[in-house]
Amino acid sequence: MDNAAALRAVTAELEDLAGELPLTEAARDIVPGEGSPIAEILFIGEAPGYHESIERRPFVGRSGKLLRQVISEIDLEKGQYYISNIVKARPPENRDPEPEEILAYRPFLNKEIEILAPKLVVTLGRFSMAKFLLDVKISQVHGRLHQVDWLGKRLFVLPMYHPAAALRSTKMKEAFIKDMQKIPKVLSWIKEQENVETLAESVKSLLF
Ligand code: URA
């Protein structure tokens, strides 16, 4: 199965389980991830809000407009990224997701990560950051690249403030934009690392 088909299968499975999954009554309540099936960058938000749940697309409301505007300002191409959420249905009154909701949707986000095998994961807000980074404060680590061991695989994670928080405070908006502007450089650095590692592997295989 190619990536696009595998990602469609994740959505189909979510829709089949609607009614059993928290916050859902029917397939229409599921807001699947969207973007390039060969994305190098995976943005992970928290949970869909009102507009997302109507359009069934992640990040299409006010905070989504900010996110997508900055993505285009830093010249990321559509083929480079995928956008998803920790929880794939809307919590009432946009309250924070509950631990059991995060747990219920975890296998689906994990599958998206496995399929995409992104070079860089950008977490938006503290809930998606907490999936990868334990015992840290977003105010202290935002905009700093982290290398984590995720289910036995290396993953690069760049935590950021949630764009909704950026809309509430000028200071956070400045930090959010500044952090987002780091993405192209960070991505190039990760690719260089990979090239160096591949080169080292081939030298090793020549020598031994
Ligand atoms: N906020 C999120 O975390 N995700 C969305 O999809 C929209 C708003």
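Residues numbered from 1 in each chain as written. Predicted model: local features only at pLDDT ≥ 70, side-chain atom pairs only at ≥ 80, totals over all residues.

## Quick word on the overall build of the protein
Piece 1. Assigned secondary structure in the protein consists of nine helices and six strands.
Piece 2. Against the 2.2 N^0.38 benchmark of 17 Å for 208 residues, the protein shows a C-alpha radius of gyration of 17 Å, consistent with a compact globule.
Piece 3. Dimensions of the protein, computed from C-alpha atoms along their principal axes, come out at roughly 60 × 45 × 35 Å.
Piece 4. Taken across its 208 residues, the protein has 38% of its residues classed as buried.
Piece 5. The contacts in the protein between residues at least 6 apart in sequence include a share of 69% that link residues at least 24 apart. (Helix = DSSP H or I, 4+ residues; strand = E, 2+ residues; numbered from the N terminus. Rg over C-alpha atoms; globule rule 2.2 N^0.38 Å. Buried ≥ 20, exposed ≤ 12 C-beta atoms within 10 Å, placed from the backbone. Contact = placed C-beta atoms within 7 Å.)

## Comments concerning the sheet that holds strand S1 (residues 34-35)
Piece 1. The mixed open sheet is built from six strands, whose spatial order is S1-S3-S2-S4-S6-S5. At either margin of the open sheet sits one strand with a lone partner, and together these are S1 and strand S5 (146-150).
Piece 2. When strand S2 (residues 41-45) meets strand S4 (residues 120-124), the two strands line up parallel, connected through four bridges. Within S4, the residue paired with leucine 42 across the bridge is valine 121. (Pairing = 2+ DSSP bridges.)

## Re the pairing of S4
Piece 1. Burial of S4 is extensive: five of the five residues sit out of reach of the surface.
Piece 2. Neither face of S4 is left uncovered, since the one carrying Leu120, Val122 and Leu124 and the one carrying Val121 and Thr123 both have all their residues buried.

## Looking at the pairing of S2
Piece 1. Taken across its five residues, S2 has five buried, putting it largely inside the fold.
Piece 2. The pairing of S2 with strand S3 (residues 81-85) spans five bridges and is parallel. The partner of glycine 45 across the bridge, within S3, is asparagine 85.

## Describing unusual backbone geometry
Piece 1. With a phi angle near 70 degrees, leucine 23 is a residue other than glycine that sits in the positive phi range.
Piece 2. Residue leucine 23 is classed as buried on the basis of its 21 C-beta neighbours within 10 Å.
Piece 3. The residue asparagine 94 is not glycine, and still its phi comes out positive at about 55 degrees.
Piece 4. By secondary structure assignment, the location of asparagine 94 is in the loop between S3 and helix H4 (99-116).
Piece 5. The partly exposed category is assigned to asparagine 94, around which 14 C-beta atoms lie within 10 Å.

## Things to note about the nonpolar core
Piece 1. Ranked by size, the top nonpolar core spans 48 residues in total, and within it Ile41, Leu42, Phe43, Tyr81, Ile86 and Val122 carry the most contacts.
Piece 2. Sort the elements by how many residues they give to this core and H4 lands first, with eight residues. (Core = buried A, V, L, I, M, F, W, Y, C linked by C-beta atoms within 7 Å.)

## Some details on the site of the ligand
Piece 1. Taken together, 13 residues are adjacent to the ligand, and Gly45, Glu46, Glu52, Pro58 and Phe59 come closest.
Piece 2. Of the residues in the shell around the ligand, the class split is five nonpolar, six polar and two charged. (Near = placed C-beta within 6 Å. Nonpolar A, V, L, I, M, F, W, Y, C, P; charged D, E, K, R; others polar.)

## Quick notes on helix H9 (residues 183-207)
Piece 1. Across its 25 residues, H9 extends 36 Å between first and last C-alpha, which sits within 8% of the 36 Å expected from 1.5 Å per residue.
Piece 2. Within H9, only two of the 25 residues are buried, leaving the element largely exposed. (Expected span 1.5 Å × (residues − 1).)

## Regarding helix H8 (residues 170-180)
Piece 1. Those residues of H8 lying buried are Met172, Phe176, Asp179 and Met180. The buried residues of H8 occupy an angular sector of 95 degrees when projected down its axis, which confines them to one face. Those residues of H8 that are exposed and angled more than 90 degrees off the buried face are Thr170, Lys171, Glu174 and Lys178.
Piece 2. Where H8 is buried, its residues touch helix H3 (62-73), strand S6 (153-160), helix H7 (163-168) and H9. (Arc of directions from axis to C-beta.)

## Details of the packing of helix H1 (residues 3-16) against H4
Piece 1. Orientation of H1 relative to H4, taken along the N-to-C sense of each, is 175 degrees, at an axis distance of 10 Å. The pairing of H1 with H4 is recorded here as roughly antiparallel in orientation. Note on element contacts: H4 touches H1 through Phe108, Lys111, Glu112, Ile115 and Leu116, opposite Asn3, Ala6, Leu7, Val10 and Leu14.
Piece 2. The residue makeup of the contact of H1 with H4, split by class, is seven nonpolar, one polar and two charged. (Axes fitted to C-alpha atoms, helices over the stretch in contact; angles between N-to-C directions. Parallel < 35°, antiparallel > 145°, perpendicular 65-115°, else oblique.)

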